[in-house]
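# What the coordinates show
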Amino acid sequence: MTNITVCGAAGRMGSRIVALSRDYTDLRLVGAVERTAHEAKGRDVGHIAGVGDLKVMLTDNLEEAAGLCDVIIDFTSAASTIEHARMAASKKKAMVIGTTGLSKDELQLIRNHSGQIPIVLAPNMSVGVNLLLKVLQDIARVTGDDYDVEIVEAHHRLKKDAPSGTALKMAQVIADALRRNLDDVAVYARKGLIGERNQKEIGIQTVRAGDIVGEHTVLFGGLGERIEITHKASSRDTFARGALRAALWVAGRQAGFYDMQDVLGLK
Ligand code: NAD
């Protein structure tokens, strides 16, 4: 049995993880953590997730909630995730991190903790997107510099970071396959008299509207043809199930820094 504590338990992702955890006979929800000012603090998290009594109260005390669990699942915000990773390392608890919008320095701080505990971090926990990352690598290797790469992502109006962590991951995977430095070739916006496209550019464009769960299209534009690969998430449950699968995988594993490619055996 793997015991989990969910950080950000009343959020869009956290509440789906809480709800779906009931489907797994080998997982048990033992803790649910929210920020101190959250209005639902002290309530049964099952009610917040819309699944009735779970006998797990929403708390702001991660230290206490972490004591009971094997794995902390964190879908909060960059600043909170850093704090939670520090706590997880001090308590020797495994972690699954879905939070996006982490800066390079923040990522490095988390990586440092993976010397003491196993951490799975992935900006997108769906099986489909992780399969796609593998396919994108293959396409980029074959199409090389002859095809222009453009990525378009769309999310709901409440999303705080842009471009999405998934779009950035896709861009990174493609840049690595093409032996380009993403910082040098990424183009995030175009306007005005911008001149001809630089052959090595990787364009990454953002759309924010309504309740779009998450859509990504990667376009490889050649002369006489183009390839478009699209992934559309229709429900957050795909990410939530990925996070729960990652929690089962990471429990009891050696300290280290892992991603969903490791969890899904795609490496
Ligand atoms: P959300 O705003 O609905 O939920 C975040 C929750 O975290 C909120 O309820 C907030 O109160 C809580 N929180 C903030 N600070 C906290 C703290 N210190 N301790 C405990 N809880 C705290 O956002 P969301 O849509 O659920 O997304 C959360 C994060 O997950 C974002 O970074 C988002 O981009 C990312 N995300 C990742 C994936 C993935 O597959 N990896 C999928 C969807 C979203």
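Reference entry: report on the structure contained in this document. (Residues numbered from 1 in each chain as written. Predicted model: local features only at pLDDT ≥ 70, side-chain atom pairs only at ≥ 80, totals over all residues. Heavy atoms only, no water.)

Among the secondary structure elements, isoleucine 174 is positioned in helix α7 (residues 165-177). Judged by its relative accessible area of 0%, isoleucine 174 falls in the buried class. For the pair isoleucine 174 and methionine 87, spaced 87 residues apart in sequence, the C-alpha to C-alpha distance is 34 Å. When near neighbours in sequence (up to four residues on either side) are disregarded, isoleucine 174 contacts Leu136, Ala140, Val149, Ile151, Ile202, Val218 and Phe220. (Helix = DSSP H or I, 4+ residues; strand = E, 2+ residues; numbered from the N terminus. Buried < 20%, exposed > 50% of the residue type's maximum accessible area, 1.4 Å probe, protein only. Contact = heavy atoms within 4.5 Å.)

Moving on to the nonpolar core. Counting 40 residues, the largest nonpolar core has Ile4, Ile17, Ile73, Val96 and Val120 as the members making the most contacts within it. The leading source of residues in this core is helix α9 (residues 237-250), at eight residues. When near neighbours in sequence (up to four residues on either side) are disregarded, isoleucine 17 contacts Val6, Ile73, Phe75, Ala240, Ala243 and Leu244. The next biggest cluster of nonpolar side chains, apart from the first, holds 24 residues, and it includes Leu136, Ala167, Ile174 and Leu178. (Core = buried A, V, L, I, M, F, W, Y, C linked by side-chain atoms within 4.5 Å.)

A regular strand carries its side chains on alternate faces of the sheet. Pairing analysis gives eight bridges linking strand β10 (residues 214-221) to strand β11 (residues 226-233), with the strands arranged antiparallel. By the bridge assignment, phenylalanine 220 is partnered in β11 with isoleucine 227. Hairpin connection, β10 to β11: the antiparallel pair is bridged by four residues, and glycine 224 has positive phi, about 95°. (Pairing = 2+ DSSP bridges.)

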